[in-house]
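# Fold and contact review
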Amino acid sequence: MRARFFTLVFVLGIHALLIAQTPPAPINPFDELAKPAAPSVEPPPAAPSLPPELASVVEKFQQAAKDFESKKKEIATTALGRYSSAAQSELSAAQFFLTCQQMVQARLPDLDGVTKKDEKEKQERVKQMADRIEEVPGRAAVFQLQLQYLVFTMEAAQMKDHGAMVSRLKDFASKGVSLIATYAGVPTDETKEKERTNSNNRSRREAEKIQDQRELERARRDLVQQAKTGVMGSVFAQAFNLQNYFEPLENWPDSPLNLEQIFKSFVFPYRQQNKPELLASDWDEYIAHLTHLERCSQDERGYSKWLVGTYKSLLWSKWRDLMKHGVNRAMAADELVKLIKENPTNEAVSGWVEDLSSLTEELMNPPAAPPAELKPN
């Protein structure tokens, strides 16, 4: 037994001696550099310690904000359903207008301190408003158009097909202009001629007829103004406080008759990038809509002034846009030069000449094409 013990001690001693005499492995100085540095993990900053009463207040505020965010979608969905239902007909749109009027008025304080209106007086007031709607041709049609466009405004925020959105915007613009043309036509020259005659020579019947014509003219202008009102500011949106629960798309046209916003912010940019061959027809449609709307909105003198001023600038913008995007360039160039020659007294002609100089510079010195990317072998 002692012999075995001494033998084991001897073997272990020999093994330790061999290890001590073995040279260490060479060290590569780049091994440490190749190793990724250990990320420095810093503990997150500790939340400030609040007194119990303040912590409770903060929690209440955060919960209120969270509840409001969830409520926004619920209220907007409810409003959208009401709008869609009321937009089905002119009659339902007019009835819903009265409902929304009452909803808005119910939130206003009563100056005489009465909190509840007499039911009979309220019904009489509603009947009077309904009668006024029926007396003005086209007013219920405008209500229906506003509701339909308000529904589209809310749906457009979720639309993925930009082409379909542009197409529907164009349809609404055409519908709005057609409505104005139908219910707010241009006053006849006969009425204006009668108004110029000496009032002493008018019969009572003629005077009454002229008064009726004046009231119709006033109603016509009111109808045009109503149709131009932005739908997010309409009584329909006010009734549901929609501005607090829904935000339209950026640069969204506020009404179907905001033709400049519809075409310049949506229709033209889409055509320029996708279908430039349709750009000319879109410009013609835009100018025709504006011309018709101006004719229905202004008297003869105002319309004539618009024709020699703004109308010419619209033509310049059209041909300039077609020239820039390579659509009928030869015709566009001829029309641009023609506008300058034929309208020397137009207040915008100096700007046209400067624009033409810039265009000439672009044609003579086109921007250099970006270098092609080298593909790896």
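The structure we're discussing is the one just above.
Quick summary incoming for the structure in this document. None of these values were measured; they are calculated from a predicted model.

Parameters at a glance
- Every chain is numbered on its own, with residues counted from 1 as its sequence reads.
- Side-chain atom pairs in this predicted model are given and counted only at pLDDT of 80 or more, local residue features only at pLDDT of at least 70, and totals for whole chains, interfaces and linings cover all residues.
- The basis for every side-chain value is the complete set of heavy atoms in the structure, and neither hydrogens nor water enter the calculation.
- Secondary structure follows DSSP: runs of H or I at least 4 residues long count as helices, runs of E at least 2 residues long count as strands, and numbering of each begins at the N terminus.
- Exposed residues in this analysis have more than 50% of their type's maximum accessible area, buried residues have under 20%, and partly exposed residues fall in between, with area computed by a 1.4 Å probe over protein chains only.
- Here, two residues are considered to be in contact whenever any of their heavy atoms come within 4.5 Å of each other.
- Take the buried residues of types Ala, Val, Leu, Ile, Met, Phe, Trp, Tyr and Cys, join any two whose side-chain atoms come within 4.5 Å, and each joined set is a nonpolar core.
- As a rule, the C-alpha atoms of each element are fitted with a line to give its axis, helices using only the stretch in contact, and angles between N-to-C directions run from 0 to 180 degrees.
- Each angle is binned into one of four classes, with values under 35 degrees roughly parallel, values over 145 roughly antiparallel, values of 65 to 115 roughly perpendicular, and all other values oblique.
- Note that Gly is not counted as nonpolar here; it falls among the polar residues with everything else outside the nonpolar set of Ala, Val, Leu, Ile, Met, Phe, Trp, Tyr, Cys and Pro and the charged set of Asp, Glu, Lys and Arg.
- Residues forming no salt bridge and having over 30% relative accessible area are the ones grouped into patches, like charges within 9 Å of each other and nonpolar side chains (Val, Leu, Ile, Met, Phe, Trp, Tyr) within 5 Å.
- Surface exposure here means Shrake-Rupley accessible area, sampled with a 1.4 Å probe, where a residue is shielded only by the protein chains that are shown.
- One speaks of a salt bridge when a side-chain nitrogen belonging to Lys or Arg is within 4 Å of a carboxyl oxygen belonging to Asp or Glu.

### Considering the overall build of the chain
When helices and strands are tallied, the chain shows 16 helices and zero strands. Residue burial in the chain is summarised as follows: out of 377 residues, 30% are buried. Long-range contacts, defined as pairs at least 24 residues apart, comprise 70% of the intrachain contacts of the chain with a sequence gap of at least 6.

### Some words on the nonpolar core
Note that soluble globular proteins tend to have their nonpolar side chains buried in a common cluster. In this structure, Tyr83, Ile180 and Phe236 are the most contacted members of the largest nonpolar core, which totals 77 residues. Of the residues forming this core, the biggest block, twelve residues, is contributed by helix H6 (residues 139-156). When near neighbours in sequence (up to four residues on either side) are disregarded, Phe236 contacts Tyr83, Ala93, Phe96, Phe97, Cys100, Phe143, Gln146, Leu147 and Leu150.

### A closer look at the environment of Gln158
Within the element layout of this structure, Gln158 appears in the loop between H6 and helix H7 (162-183). For the pair Gln158 and Leu249, spaced 91 residues apart in the sequence, the C-alpha separation amounts to 9.4 Å.

### Concerning the packing of helix H12 (residues 279-297) against helix H13 (residues 300-308)
Two numbers describe how H12 lies on H13: the axes approach to 9 Å, and their chain directions differ by 155°. As judged from the angle between their axes, H12 and H13 are roughly antiparallel. Across the interface between the two elements, Leu290, Thr291, Glu294 and Arg295 from H12 touch Glu300, Tyr303 and Trp306 from H13. Its residues assigned to classes, the contact of H12 with H13 shows three nonpolar, one polar and three charged.

### Structural notes on a nonpolar patch on the surface
Taken together, the side chains of Leu50, Leu54 and Val58 present a nonpolar region at the surface, about 230 Å² in accessible area. Its place among the elements puts Leu50 in the loop between helix H2 (31-34) and helix H3 (52-86). On the basis of relative accessibility, which here comes to 41%, the residue Leu50 falls in the partly exposed class.

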